[in-house]
Amino acid sequence: MVHTRNDCVARDNADPLARMREHFDVPDDMIYLDGNSLGALPHATKDRLRQTIEDQWGLDLIKSWNKHDWYTMPLRCGQKLSKFIGAKPTEVVCADSTSVNLFKLLATALAARSDRKVIVSERSNFPTDLYIAQGLIGMLDCGHELRLIDSDAEIETAIQNDVAVVMLTHVDYRSGRVHDMKAITKKAHDAGALILWDLAHSAGALPVELNAADADLAVGCGYKYLNGGPGAPAFLYVAERLQEHVRSPLSGWMGHASPFDFDASYTPAKGIARNLCGTPPLLSMAALEASLDVMADVNILQIRNKSLELGNLFINLVESRCAAHGFRLISPRDETRGSQVSFAHPDSFPIMQALIDGHVVGDFRSPDILRFGFTPLYTRYVDVWDAVDVLAGIMDSGSWNQQQFHERGTVT
């Protein structure tokens, strides 16, 4: 039980992941609780990018595709990432953005279940997932429907024999609630539908077992808990049993069986490589690979255990020290919570801006949510104590209610 700041220091000293913090460039004067939006910069990334830019691009130029193995980087990154999502190395490739990968795999799923016209998702899903589904339906113009549910209790009735694919985000971006991947995947399969999981808030934060759950398709981003940098390449997963039976709608040359034959007709590559499209963004891919190398020997169960402990500590401290200030916990208290804690408050936006001004960085999500992400590789127990100390201070003093903290920028 934690009662004092010194107790937090003691827990940090005993933390098996404490050694990982030295691999990241976290400013000394900042408590960074926004790794669920953008992960911190690994020190190794700077050297990797310098090498890629100066030595490879700068000196070897076009020879680097072979000499430095640029060509296989998307597959290589997918192999390194696969351990974090419970997949085989041959089932994951890094490419494009999460949105583009969603488009590819949704279209793939609809084609694979061409006699069915329904996509099932949650109304509270991350908006881009819904936008991509809406756009694809409009483009196909074949009578497809996006059927939205409001709770897990509705999944049973929503997944009928007209459903082609169920598209869900494993960890809810607002509340941090974790879906039961195995149970929902089985419900989809029992109805003859495919399942597509968005792992944006899961990969690198908690154990994900795509193979064990018998999942069909998945996507995710590289810039949150995987620390690949802003706009890092995303990834996609296609179960090995499906790979030769599906075909990407974006049949770009990098997904061709023999791209350098320059054949005028498209023949898809074998395996997961057929889901590639255009030339990969090598600089950002190199940054992602550098982070995956830093994380290579990390135990995901240690990450998960510390994540839950950090979140529990944060909840207990906020509820004890800020009890009079109207915060309402919207994240689960138990192990169905991901690696974030969210509180609702009528004045959440200015409160978050005041926290950021006080060097505690979380984020705001409309309409009234303060969201705090815990990245166990570099977040310490003492950071949690000090963050709540700042929060209690601005609430007790009322300093959050200054005009400057009510002014909204383009990115919130």
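One numbering rule holds for all chains: residues counted from 1, following each sequence as written. With the structure being a predicted model, the display of local features is reserved for residues of pLDDT at least 70 and the display and counting of side-chain atom pairs for 80 or more, all residues being used for whole-chain, interface and lining totals. Values shown for side chains rest on all heavy atoms present in the structure; no hydrogens or waters enter the calculation.

Caption draft 1: Focus on the pairing of strand E10 (residues 235–238). Residue exposure (1.4 Å probe, protein chains only): buried if accessible area is under 20% of the type maximum, exposed if over 50%, otherwise partly exposed. Helical segments are the DSSP runs of H or I of at least four residues, strand segments are the runs of E of at least two, and each set is numbered from the N terminus. By the alternation rule, side chains of E10 split into Phe235 and Tyr237 and Leu236 and Val238, which are all buried. At least two bridges found by DSSP between two strands are what make those strands a pair. With three bridges joining them, strand E4 (residues 92–94) and E10 adopt antiparallel strand pairing. When the sheet's bridge partners are listed, Val93 is paired in E10 with Leu236. Sheet analysis places strand E9 (residues 217–220) next to E10, joined by four bridges and oriented antiparallel. Of the residues in E10, the one forming a bridge with Ala218 is Tyr237.

Caption draft 2: Quick look at the packing of aromatic side chains. Within 6.5 Å between ring centres, the rings of Phe, Tyr and Trp (the latter by its six-membered ring) count as paired, and their orientation is classed by plane angle as stacked under 30 degrees, edge-to-face over 60, tilted in between. Under the definition given, this model contains twelve aromatic pairs. Measuring from ring centre to ring centre gives 5.5 Å for Trp65 and Trp70, while their planes differ by 80°; the resulting arrangement is edge-to-face. Judged by its relative accessible area of 22%, Trp65 is partly exposed. Ring centres 6.0 Å apart and planes at 25° place the aromatic pair Trp253 and Phe262 in the stacked group. Lysine NZ or arginine CZ positioned within 6 Å of the ring centre and within 35 degrees of the ring normal marks a charge as sitting over the ring. When the ring centre of Phe84 is taken as origin, the NZ or CZ atom of Lys83, which lies over that ring, is 5.1 Å away. For the cation-ring pair, Arg408 lies above Phe349, with the distance from its terminal atom to the ring centre recorded as 4.5 Å.

Caption draft 3: Structural context of helix H4 (residues 73–81). Of all the residues in H4, the buried ones are Met73, Pro74, Arg76, Cys77, Gly78 and Leu81. Looking at the buried positions of H4, the neighbouring elements they touch are E4, E10 and helix H10 (282–294). Only heavy atoms enter the contact rule, under which two residues are in contact if any of them lie within 4.5 Å.

Caption draft 4: Spotlight on the side chain of Asp12. Structurally, Asp12 is set in helix H1 (residues 5–13). Neither His nor the chain ends contribute to the count of charged residues, in which Lys and Arg are positive and Asp and Glu negative. Whenever Lys or Arg places a side-chain nitrogen within 4 Å of a carboxyl oxygen from Asp or Glu, that contact is recorded as a salt bridge. Despite its burial, Asp12 pairs with no opposite charge; the closest candidate is Arg380, at 5.1 Å N-O.

Caption draft 5: Highlighting the sheet that holds strand E6 (residues 145–149). Across the sheet, which stays open at both edges, the seven strands sit in the order E4-E10-E9-E8-E7-E5-E6 with mixed pairing between neighbours. With one partner strand each, in any of the chains shown, E4 and E6 form the two edges of the open sheet. Within the sheet, the average angular offset between the axes of one strand and its neighbour, ignoring direction, is 20°. The axes used here are C-alpha line fits, helices contributing only the stretch in contact, and every angle between their N-to-C directions lies in the interval 0 to 180 degrees. Taken strand by strand, helix H8 (residues 181–190) contacts strand E7 (163–169) and strand E8 (194–198), and its axis lies near 150° from that of E8.

Caption draft 6: Looking closely at a nonpolar patch on the surface. Patch criteria: residues need more than 30% relative accessible area and no salt bridge. Like-charged residues are merged within 9 Å; nonpolar side chains of Val, Leu, Ile, Met, Phe, Trp and Tyr are merged within 5 Å. Accessible areas in this description were obtained via Shrake-Rupley with a 1.4 Å probe; residue shielding takes into account the shown protein chains only. A contiguous nonpolar patch, built from Ile53, Trp57, Leu61, Ile62 and Leu283 and spanning about 500 Å² of accessible area, is present on the exposed surface. Tracing the chain through its elements places Trp57 in helix H2 (residues 43–60).

Caption draft 7: Here's a closer look at the environment of Leu17. One can find Leu17 in the loop between H1 and strand E1 (24–25). Accessibility expressed as a relative area gives 1% for Leu17, which makes it buried. In contact with Leu17, other than residues within four places in its own chain, are Val298, Gln302, Ile303, Lys306, Pro376 and Leu377.

Caption draft 8: Representation of the sheet that holds strand E15 (residues 369–373) within the structure. The strand order across the open sheet built from four strands is E11-E12-E15-E14, with neighbouring strands paired in antiparallel fashion. What marks the edges here is a single partner per strand, and that holds for strand E11 (328–329) and strand E14 (363–365). As paired elements, strand E12 (residues 340–344) and E15 share five bridges and run antiparallel to each other. Looking at the pairing, Gln340 lines up with Gly373 of E15. On the sheet, helix H11 (residues 300–321) packs against E11, E12 and E15 and is oriented at approximately 25° with respect to E12. Sheet strands touched by helix H12 (residues 348–357): E14 and E15. Its angle to E15, the strand with the most contacts, is close to 35°.

Caption draft 9: Focus on the environment of Tyr237. If you trace the backbone, Tyr237 turns up in strand E10. Note: C-alpha distance between Tyr237 and Lys88 (149 residues apart in sequence) is 9.4 Å. Setting aside residues up to four positions removed in sequence, Tyr237 forms contacts with Ala87, Glu91, Val92, Leu105, Leu210, Asn211, Ala215, Asp216, Leu217 and Ala218. Polar contacts involving the side chain of Tyr237 include one to the side chain of Asn211, which spans 3.2 Å. Within 3.5 Å is the distance limit for a polar contact, defined as a pair of N or O atoms, with the added protein rule that one can donate a hydrogen and the other accept it, and that residues adjacent in sequence qualify only through two side-chain atoms. From its side chain, Tyr237 meets the backbone oxygen of Ala215 in a polar contact 3.1 Å long.

Caption draft 10: Representation of unusual backbone geometry in the model. With an omega of 5°, the peptide bond running from Ser366 to Pro367 counts as cis. Structurally, Pro367 can be placed in the loop between E14 and E15. Even without a glycine there, the phi angle at Asp96 is positive, about 55°. Along the chain, Asp96 turns up in the loop between E4 and helix H5 (98–112).

Caption draft 11: Examining the pattern of salt bridges more closely. Applying the stated rule across the entire model yields 32 salt bridges. We note a salt bridge from Asp293 to Arg48, for which the minimum N-O separation is 2.8 Å. Taken together, the residues span a long stretch of sequence, with Asp293 in helix H10 and Arg48 in helix H2 at a distance of 245 residues. Notably, a salt bridge pairs Lys80 with Glu289, separated by 2.8 Å at the nearest N-O pair. Highlighted residues: Lys80 in helix H4 and Glu289 in helix H10, separated in sequence by 209 residues. Because the salt bridges share partners, they merge into one network encompassing Arg48, Asp69, Arg76, Lys80, Glu289 and Asp293.

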